[in-house]
Structures are given as structure tokens and as C-alpha cells.
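Listed here are the chains, written in short residue letters.
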Amino acid sequence: MKNKIFSAIILAALICAGSYFLFFQKKPAFVPYRTFYSEVSDGKISEATISSDKINFKYNGGETVFSTENPDSPALKEFLLLNSVKITEEQDFSEIISTVLDVLFYVIFFAVIIFAFRKFISPNTFKTVHRTGVKFSDIVGMENLKKDMMQIADIMKNPAAYRAKGIRMPKGILLEGAPGNGKTLFARALAGEAKVNFIPAKATDFESMFMAIGPAKVKLLFAKARKRTPCIVFIDEFDGIGTKRNYSGSAIETENTRIVTALLNELDGFTPHDGILVLAATNSRDALDEALIRPGRFDAKYTVPYPDFESREKLIEKYSAGKNYSFDPKILAKNFSGFSCAQIESVINRAALVASQQLEMRKNRGSRIFFGLLLY
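Please read these numbers as outputs of a predicted model, since none were measured by experiment.

(A) Region of interest: unusual backbone geometry. A cis amide bond, omega -5°, links T229 with the succeeding residue P230. With respect to the helices, strands and loops of the structure, P230 is situated in the loop between α8 (213-227) and β8 (231-236). Even without glycine at this site, M142 takes up a positive phi of about 55°. Using a relative accessible area of 12% as the deciding quantity, one classes M142 as buried.

What follows is the structure, given as C-alpha cells:
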């Protein structure tokens, strides 16, 4: 109740103040502009306040305020100054509102820009995985590739020992292969074996509706990697950002060229002793820019193959674990020739789903026959 009374008193005071200024405040006496102009020329006016629609002025030695029209002449201010009139310019309400709206526009505009940059170039764009939880023992087959990777993991774990032998860690490794054969799993396993930080990224992380965001994200990625050494930077779908540069002049090609240039600068900007290994995965090595994958930037290039017969057999046993269906893995391994690891898992999962549906249908049909015999 007290709050309502207090609010009512404030509102009444505001209404009274507004009414006073609108209706009771004494208005200046009006003087025609011709008279005002003549008296300014005669040096009788001491000061004038100019607003958008009128001019308030005082005579020499007087305190009474008079008023006249504002002709909005560009020469008026100069005329008053030449006749020693002290000028004050007064903004009306509409001009104040316009100024406030202009300020608000710029505040909102820059706030949107800052928000967009924070959203698209956030420090949390690239997450650091401290322990991947994957080892080479979790990967089925591909023993030759595992041996090469184990050597690289050993170099990352013992860089000083290898440096004493004159052996440097490669800056980058390129993994090429068809989708679904385990390139990402290999990258995670390498980080797990080497016990180093793992920073995953993919081509779409560098795409943006704003120009120059992609190169900025490349710099952000490597800046974070330098703070997390030793670490592995893994870039999936590498052909999405490392394609051959095309100087056609289109916005897309210009942005791609900038991203590739930023990658070149970053790869050249750190040494093998910095403890950063760039691991890139691609489905098409031929699409990549030659300057990007030359020796000295990507020193090693490996192909992740389709699983062979023995690997397919082990994968079938792995993916069918826990499924209550019996089959011969050797027969399936023979029929799965040319399948990727992901395809094998998908087919086995689909087969288990269909088998489960068929079994359920048989149970329901058997129940209906049983109840039919009882009714009969």
C-alpha cells in the first residue's frame, strides 16, 4: 500500500511539473525577424539562443528574453558573430531523440559484430582431449600401419633421445583412404599410445558466412596447440579446406586461398621440436594443394586400406559380440570383400535387427495359433 501511495505522489509531481512548463511558464515576447535583424546590425543584441524553429535573445544589459523566427539561413550564425552576439545552440527534442537513436544503432551494431566474432571465433571452438582412451590394440588388423604409427608415438614420447640420434619428429602425417576405414580411430589411437593431448577439428569448423573467419580459426587452432604441447592436431576432411588454390576471384575461392595460405604459414611457423604433430585425413589426396602436402610440411603419407580377409573375420567377431545369432564368420568375411569397417558393422547391425523382427513375428504367430486351438 505504501509503495502505491509513493508511486502516485511521484506521478502527480511529474504531471504538475510538466503542466507548469507547458502552460504556466512565461513565454518570451515576440519580435518580428526584420526588427531583430536590424537591432543586431545596430549592436543592440548581446546574446542569442538558436533552436530549430526560433531564436531567443536578450538586449544589451537586459535580462528579459525575447523571441523571433529562425529563418534557418546558413549565413545567420556568421552574421550574429560578426556583430558580437554571444551564440548558444539548443537542440530540440526531436534532435535529441535522433542522436539517442543513432547512438543506440551503433551500440547494437557493434554488439552484434562482437557477438558474431565471439561465436565464430570462440576460444572453445576446438576442444582439447587429454586422454582419448584408444590404443592400437583396439584397432583390428592393419599391422604394418600400426608399426609405423608406433614408431611415431615413440618419437613423441622420447623426443630428446631421437634428437640425439639426429632424427626429428615429422611435422605432419597425411592419412588417405575411403570413408569408414578408421582414419579418425587411428589418429585417436596414436594420441593414446603417445599419451599426448589430442585436438580434433574438421573442415566444417573453418567454414563461415563471414570472410576471413576461416584463416582466423586456423591461427586459433595452432595457438591453442602451442599451449597444449605435446599434442596432436587432427584435421578430418582435410580436402574440404586444403584444396588446390584457384585464383578465379570468386569469394569462395578467395576464402579457400586464404585458409590454405594460413595453413602454410602455421606449418612453417613451428619446428618439429615444438611437440606438435599435425595429422590430416582425406578421401582424395589428388584434390589437395601440392604446396601444402610437400615434404617438410607433411613428411609421411599413409593409406588406410580396406580390411583384408583376416581383418574382416576379426571385425565380424567383434561387431557380433553380444548378439544371440550364430553364423560362420569365414563365410561372411568372404562375402564382405571390399567392405569398409563401417559398412561391415552397419550390415551386421541391420541383420541383427531384421532377425529380431522375424523372431518376434514368429512368436506372435505361434501365440495366435495356440489361442485359436484353445477356442476351438
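(B) Local environment of the pattern of salt bridges. Applying the stated criterion across every chain yields a total of seven salt bridges. Residue E89 pairs with K77 through a salt bridge whose shortest N-O separation is 3.1 Å. You can see E89 sitting in strand β5 (residues 86-89) and its partner K77 sitting in helix α3 (residues 76-82), a full twelve residues away along the chain. Taking the relative accessible area as the measure of exposure, E89 reaches 57% and is therefore exposed. By relative accessible area, which is 40% here, K77 ends up partly exposed. When the shortest N-O distance is used, the salt bridge between E266 and R226 registers 3.2 Å.

(C) The packing of helix α5 (residues 143-157) against helix α7 (residues 183-194), seen in detail. The interhelical angle for the contact between α5 and α7, taken along N-to-C directions, is 40°, at an axis separation of 8 Å. What the angle tells us is that α5 and α7 run oblique. Like other packed secondary-structure pairs, α5 and α7 cross with a definite hand, here right-handed. For the pair α5 and α7, the contacting residues are L145, K146, M149, M150, I152, A153, M156 and K157 in the first and F186, L190, E193 and A194 in the second. Across the contact of α5 with α7, the residue classes tally to nine nonpolar, no polar and three charged.

(D) A look at the sheet that holds strand β3 (residues 54-59). Across the sheet, which stays open at both edges, the five strands sit in the order β1-β4-β3-β2-β5 with mixed pairing between neighbours. Edge positions in the sheet fall to β1 (29-30) and β5, since each has one partner strand and no second. One ladder, built from five bridges, connects strand β2 (residues 45-50) with β3; its direction is antiparallel. Pairing of I50 across the sheet is with I55, part of β3.

(E) Structural context of the packing of aromatic side chains. Under the criterion given, the structure shown has 14 aromatic pairs. Each ring, one from Y33 and one from Y37, has its centre 6.2 Å from the other, and the planes form 50°; the classification is tilted. Of the two residues, Y33 and Y37 both sit in helix α2 (residues 33-41), four residues apart, roughly one turn of that helix. Take Y33: its relative accessible area is 23%, and that puts it in the partly exposed class. Here Y37 falls in the partly exposed class, since its relative accessible area comes to 40%. When the centroid spacing of 6.1 Å and the interplanar angle of 50° are considered together, the rings of F136 and F186 count as tilted. Placement of F136 in the loop between α4 (93-120) and α5 and of F186 in helix α7 is noted, with a sequence separation of 50 residues between them. Classification of F136 as buried rests on a relative accessible area of 4%. A connected cluster of aromatic rings, assembled from ring pairs, spans Y33, F36, Y37, F57, Y59, F66 and F79.

(F) Structural view of the nonpolar core. The biggest cluster of nonpolar side chains holds 38 residues, and the ones touching the most others in it are M149, I173, F186, L190 and I232. For this core, the secondary-structure elements that each account for two or more residues are α5, β6 (172-176), α7, β8, β9 (276-282), β10 (300-303), α10 (309-319) and α12 (341-375). Excluding residues within four positions of it along the chain, I232 makes contact with M156, L190, A191, V196, N197, F198, I199, L277 and L279. Listed in part, the 29 residues of the second largest apolar core include V218, I259, L263 and I293.

(G) Summary view of the confidence of the model for the protein chain. In this model, the protein chain carries an average pLDDT of 79, and 81% of its residues clear a pLDDT of 70 or more. Taken as a whole, residues 20-24 scores under 50 in pLDDT and shows two contacts with residues more than four places along the chain or in a different chain. Here residues 369-376 is modelled with pLDDT under 50, and outside its nearest four sequence neighbours on either side it reaches zero contacts, counting other chains as well.

Reading the values: the criteria
Residues numbered from 1 in each chain as written. Predicted model: local features only at pLDDT ≥ 70, side-chain atom pairs only at ≥ 80, totals over all residues. Heavy atoms only, no water. Helix = DSSP H or I, 4+ residues; strand = E, 2+ residues; numbered from the N terminus. Buried < 20%, exposed > 50% of the residue type's maximum accessible area, 1.4 Å probe, protein only. Salt bridge = Lys/Arg side-chain N within 4 Å of Asp/Glu carboxyl O. Axes fitted to C-alpha atoms, helices over the stretch in contact; angles between N-to-C directions. Parallel < 35°, antiparallel > 145°, perpendicular 65-115°, else oblique. Left-handed = near helix turned anticlockwise from the far one by under 90°. Contact = heavy atoms within 4.5 Å. Nonpolar A, V, L, I, M, F, W, Y, C, P; charged D, E, K, R; others polar. Pairing = 2+ DSSP bridges. Phe/Tyr/Trp six-rings, centres within 6.5 Å; stacked < 30°, edge-to-face > 60°. Core = buried A, V, L, I, M, F, W, Y, C linked by side-chain atoms within 4.5 Å. pLDDT = per-residue confidence, 0-100.

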